[in-house]
Amino acid sequence: TYSNGKVKLVKVDSKTKVIVGKVISRLSIGLIPVFCLALAWCGFQILSWILQAKGTFGDMACYVLFGSGICCGVAGAIGIAQLFFFLRRLETEPVFTACNVRALGILSWCSSAFLIAGVVDAFVVNCLFLAAIGVAAGFIGFLVWVIRESFVRARELQNDADATI
């Protein structure tokens, strides 16, 4: 908050942190089944699209699309699991821990997998939309990486502050 043109830090009590953490955690738990249902529906749509691509672009395009679909599915499952555990740790542990930094790094790499798959698929089937999805995933991965680096810097500052006290 601001007071007389100066920044005033407001200390948040632990009860508020727990309430916010529980709300975020429950929201993420509620959204995971919805996301899984969306993935199941999209998986059916993608499979029918791959079979159409086989007739249009040949067998090689079908194999590339199927392989990148599997890679994206694995990266998505790992990303969702890391995001879930990251949100759960936010309510119980300090924010700037090595576990949270590692989880953000994994989330960033999962987004990078979507970037690579989207661009490769775009070249295979000449679809600009897939490239746009891949670039958007890459941008999200870049943002997560920036957040990760800010967590690393905050940990360094926290360790320096602890060492001087």
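Conventions adopted
Residues numbered from 1 in each chain as written. Predicted model: local features only at pLDDT ≥ 70, side-chain atom pairs only at ≥ 80, totals over all residues. Heavy atoms only, no water. Helix = DSSP H or I, 4+ residues; strand = E, 2+ residues; numbered from the N terminus. Axes fitted to C-alpha atoms, helices over the stretch in contact; angles between N-to-C directions. Parallel < 35°, antiparallel > 145°, perpendicular 65-115°, else oblique. Left-handed = near helix turned anticlockwise from the far one by under 90°. Nonpolar A, V, L, I, M, F, W, Y, C, P; charged D, E, K, R; others polar. Contact = heavy atoms within 4.5 Å. Salt bridge = Lys/Arg side-chain N within 4 Å of Asp/Glu carboxyl O. Buried < 20%, exposed > 50% of the residue type's maximum accessible area, 1.4 Å probe, protein only.

**Student:** Summarise the environment of L143; cite the residues concerned and give the values.
**Tutor:** Mapped onto the elements of the fold, L143 is located in helix α4 (residues 128–164). Separated by 35 residues in sequence, L143 and S108 place their C-alpha atoms 8.1 Å apart.

**Student:** If you had to explain the packing of helix α2 (residues 59–92) against helix α3 (residues 98–125) to someone new, which residues and values would you point to?
**Tutor:** Two elements in contact, α2 and α3, have axes separated by 9 Å at closest approach and are oriented at 160°. Comparing the axis directions of α2 and α3 gives the class roughly antiparallel. Crossing angle aside, the handedness with which α2 passes α3 is left-handed. Looking at the contact of α2 with α3 residue by residue, the classes come out as 21 nonpolar, 5 polar and 2 charged.

**Student:** Can you break down the side chain of S111 residue by residue, with the values?
**Tutor:** Note that S111 resides in helix α3. Ignoring anything within four residues of it in the chain, the contact list for S111 reads A137, G138, I140 and G141.

**Student:** Lay out the pattern of salt bridges with the relevant residues and their values.
**Tutor:** Scanning all chains against the criterion turns up 2 salt bridges. A salt bridge links E149 to R148, with the nearest nitrogen and oxygen atoms 2.6 Å apart. One salt bridge connects E156 with R153, and the closest N-O pair in it is separated by 3.2 Å. Taken together, the residues E156 and R153, both in helix α4 and 3 residues apart, mark about one turn of the helix. E156 sits in the partly exposed class, given a relative accessible area of 39%.

Geometry only, nothing functional implied.
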